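Chain and residue survey
Spelled out from the first residue to the last, the chains are:
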Amino acid sequence: MLDSLVNNTTKKLVLSAGTNTIYSIPTSAYTGAFFDYTVISSTGARAGNVMSIWSGSTAQYTDVATNDIGSTTDVTFSVSVSGNYAVFSSSATTANWTLKTIVRSI
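The following refers to the structure shown.

**Let's talk about the packing of aromatic side chains**
- Enumeration according to the criterion identifies 3 aromatic pairs in this entry.
- With a centroid separation of 4.0 Å and 15 degrees between ring planes, the pair formed by Phe35 and Phe88 is classed as stacked. Of this pair, Phe35 sits in strand S3 (residues 32-40) while Phe88 sits in strand S8 (residues 85-92), and the two are 53 residues apart along the sequence.
- The class of Phe35 is buried, set by a relative accessible area of 1%.
- Ring centres of Tyr37 and Phe77 lie 4.5 Å apart, and the angle between their planes is 50 degrees; on these two criteria the pair is classed as tilted. Of this pair, Tyr37 sits in strand S3 while Phe77 sits in strand S7 (residues 75-82), and the two are 40 residues apart along the sequence.

Laid out in structure tokens, this is it:
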């Protein structure tokens, strides 16, 4: 059983305009992660899942999301490897988006 290699956590934050580091995962302990999220503001809302995998300095990810309520085009997500960490980030063109996420790293 590999229970020691499974990490589950939740995080809530208000995004600022620009790049926001949401969560960092040590690449020595995990090889991938799933980020279930909701993002909401006065102009829109959506829910989704960012699936990610990494090896060495390369990360691949995809964002599968609901249709927007209003518009959420101001917010995008990415996963990259920086040093010894896989980093889940957002890019927001406007501030005050509330992000809630459940992180499942494996």
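Back to the write-up after that little detour.
**Considering the sheet that holds S8**
- Strands sit in the order S2-S8-S7 across an open sheet of 3 strands; the sheet is antiparallel. Bordering the open sheet on either side are strand S2 (18-26) and S7, each of which pairs with just one other strand. Within this sheet the neighbouring strands show an average axis-to-axis angle of 20 degrees, counted without direction.
- As judged from the 8 bridges shared by S2 and S8, these two strands associate in the antiparallel manner.

Rules used in this analysis
- Residues numbered from 1 in each chain as written.
- Predicted model: local features only at pLDDT ≥ 70, side-chain atom pairs only at ≥ 80, totals over all residues.
- Heavy atoms only, no water.
- Phe/Tyr/Trp six-rings, centres within 6.5 Å; stacked < 30°, edge-to-face > 60°.
- Helix = DSSP H or I, 4+ residues; strand = E, 2+ residues; numbered from the N terminus.
- Buried < 20%, exposed > 50% of the residue type's maximum accessible area, 1.4 Å probe, protein only.
- Pairing = 2+ DSSP bridges.
- Axes fitted to C-alpha atoms, helices over the stretch in contact; angles between N-to-C directions.

That's the geometry; what it means functionally is another story.
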